[in-house]
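The lines below spell out each chain.
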Amino acid sequence: MKAVETEGLSKIYTGGNKAVDNISFCLEQGEVFGFLGPNGAGKTTTIKLLNGMLAPSGGSCRVFDIDPAQNPEKLHQMSGVITEHAQMYDHLSGMDNLIFYGTLFGRNKADCEKRATALLERLDLADAKQRKLSAYSTGMRQRLSLARAMMHSPKILFLDEPTSGLDPESAQNVNTLIQELASDGTTIFLCTHQLRYAQEICTTYGLMNQGNLFATGNIEKLRSMVSDKVKVRVKASCIPEDMECEKIGEHTYDISVNSEEEIPLLVRRIVGAGGDLYQVSAEQLSLEEIYFSLIDKNHAETECGNL
Ligand SMILES: Nc1ncnc2c1ncn2[C@@H]1O[C@H](COP(=O)(O)OP(=O)(O)O)[C@@H](O)[C@H]1O
Ligand SMILES: [Mg+2]
């Protein structure tokens, strides 16, 4: 069974705004899916569709074979979600909020208290557990909403910008937690703008722009959509005059080759021309570079299409 499956999924808001436009994809269980795209791309709308908070205008979606719009209660037993505006109670303490939401899932109070204590500890909120939510900072609220989403040990977690508003240390903490959940088999559907973190934790990606899902796959697949060349960074006293390169700094050059097999030849050419070599490394495009390249390409294509 797939964790998520969509077929031609679309959402047109009242007023005609096509926020999600005919997207089809599958997500296997246990994956950490990085759902990326600029503001307004349709990411939050997709999460809402997958959680039954919105009904599709067209197409269909299933989460663990459940239709979210038809059967939201059943879905919520196995999914956890944090969206931008997670609702919790300001007049209740952090602990009582978690117990309240835990009991909504049919768990008994003692179990909820045990799980809440462990989660509060894990998210550095143990000292604040008896404090009312109204006295929590934004970052503390964010972490509490993550704890809330995990109270019933969901099989899939939808996280919409879980680290926005967090300081780097808390963000790192949340990312480590996401990784731990994933290694225990929880499927993670993650929207984030923090591409460096995403690259550390995601196993597969979907790139959205203006409602279109225009690229999916693991990082190698996305990388090959940008370029099939390998960039080699070379630090050398000099390189042959006729060698095509981009000068990065004094004695540092980026040279593009067709494959790793061409690297020894490149080294022999430099040494043969009398160059002393200090460093040779094949540079892989980072997720950040891939993202901007593919988004720019998609913008250019959609603008062409609109002309
Ligand atoms: N309730 C709504 N009514 C009308 N338009 C909306 C509503 N929510 C979002 N939109 C629009 O839908 C598009 C996608 O929004 P959203 O899913 O929030 O994108 P993202 O999460 O990628 O930033 C945007 O153009 C946004 O303005
Ligand atoms: Mg959003």
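Below or above, wherever it landed, is the structure these notes cover. (Residues numbered from 1 in each chain as written. Chains lettered and ligands numbered in written order. Predicted model: local features only at pLDDT ≥ 70, side-chain atom pairs only at ≥ 80, totals over all residues. Heavy atoms only, no water.)

### Remarks on the site of ligand 1
Working step 1: In the region of ligand 1, the neighbouring residues are Tyr13, Asn17, Ala19, Pro38, Asn39, Gly40, Ala41, Gly42, Lys43, Thr44 and Thr45.
Working step 2: Between ligand 1 and Gly42, the relevant distance is 2.9 Å, taken from an oxygen atom to a main-chain nitrogen or oxygen of the residue.
Working step 3: The side chain of Thr44 places a nitrogen or oxygen atom 2.7 Å from an oxygen atom of ligand 1.
Working step 4: In isolation ligand 1 has 560 Å² of accessible area, and contact with the protein removes 61% of it.
Working step 5: When residues in the shell around ligand 1 are grouped by element, the largest group, 3 residues, is from helix H1 (residues 43-50). (Near = heavy atom within 4 Å. Polar contact = N/O pair within 3.5 Å; in protein donor to acceptor, adjacent residues only side chain to side chain. Areas by Shrake-Rupley, 256 points an atom, 1.4 Å probe, with all protein chains shown as cover. Helix = DSSP H or I, 4+ residues; strand = E, 2+ residues; numbered from the N terminus.)

### What to know about unusual backbone geometry
Working step 1: We note that Gln210 has phi near 45°; this positive angle belongs to a residue other than glycine.
Working step 2: Inspection of the secondary structure puts Gln210 in the loop between strand S8 (204-209) and strand S9 (212-217).

### A look at the packing of aromatic side chains
Working step 1: Scanning all chains against the criterion turns up 11 aromatic pairs.
Working step 2: Residues Phe25 and Phe189 carry aromatic rings whose centres are separated by 6.4 Å and whose planes lie at 45° to one another, so their mutual orientation is tilted. Taken as a pair, Phe25 in strand S2 (residues 18-27) and Phe189 in strand S7 (residues 187-191) lie far apart in primary sequence, 164 residues in all. Neither Phe25 nor Phe189 differs from the other in exposure class; each is buried.
Working step 3: Summarising the aromatic geometry, the rings of Phe100 and Tyr101 are spaced 5.1 Å apart at their centres and angled 85° between planes, so their arrangement reads as edge-to-face. (Phe/Tyr/Trp six-rings, centres within 6.5 Å; stacked < 30°, edge-to-face > 60°. Buried < 20%, exposed > 50% of the residue type's maximum accessible area, 1.4 Å probe, protein only.)

### Thoughts on the pairing of strand S1 (residues 4-12)
Across a regular strand the side chains alternate sides, sitting on one face of the sheet and then on the other.
Working step 1: Of the pairings in the sheet, the one linking S1 to strand S4 (residues 58-63) comprises 5 bridges and is antiparallel in character. When the bridges of S4 are listed, Val4 appears paired with Val63.
Working step 2: With 6 bridges joining them, S1 and S2 adopt antiparallel strand pairing. Considered in S2, the bridge of Lys11 is made with Val20.
Working step 3: Linkage of S1 to S2, two consecutive antiparallel strands, is achieved through a turn of 5 residues, within which Gly15 is found at a positive phi near 105°. (Pairing = 2+ DSSP bridges.)

### So, the nonpolar core
Working step 1: Ranked by size, the top nonpolar core spans 50 residues in total, and within it Leu144, Leu146, Leu159, Ile188, Tyr205 and Leu207 carry the most contacts.
Working step 2: The greatest single-element share of this core, amounting to 6 residues, is contributed by helix H6 (residues 168-183).
Working step 3: Excluding residues that lie within four positions of it along the chain, Leu146 makes contacts with Ile82, Leu123, Leu159, Val174 and Leu177.
Working step 4: In this structure, Val20, Phe35, Leu54 and Cys61 belong to the second largest nonpolar core, which totals 27 residues. (Core = buried A, V, L, I, M, F, W, Y, C linked by side-chain atoms within 4.5 Å. Contact = heavy atoms within 4.5 Å.)

### Structural notes on the pattern of salt bridges
Working step 1: A complete count under the given rule lists 9 salt bridges for this structure.
Working step 2: Between Lys2 and Glu28 there is a salt bridge whose closest N-O contact spans 2.6 Å. Placement of Lys2 in the segment before S1 and of Glu28 in the loop between S2 and strand S3 (32-36) is noted, with a sequence separation of 26 residues between them.
Working step 3: Here Glu28 falls in the partly exposed class, since its relative accessible area comes to 36%.
Working step 4: Among the ionic pairs, Asp65 bridges to Arg62, the shortest N-O distance being 3.0 Å. (Salt bridge = Lys/Arg side-chain N within 4 Å of Asp/Glu carboxyl O.)

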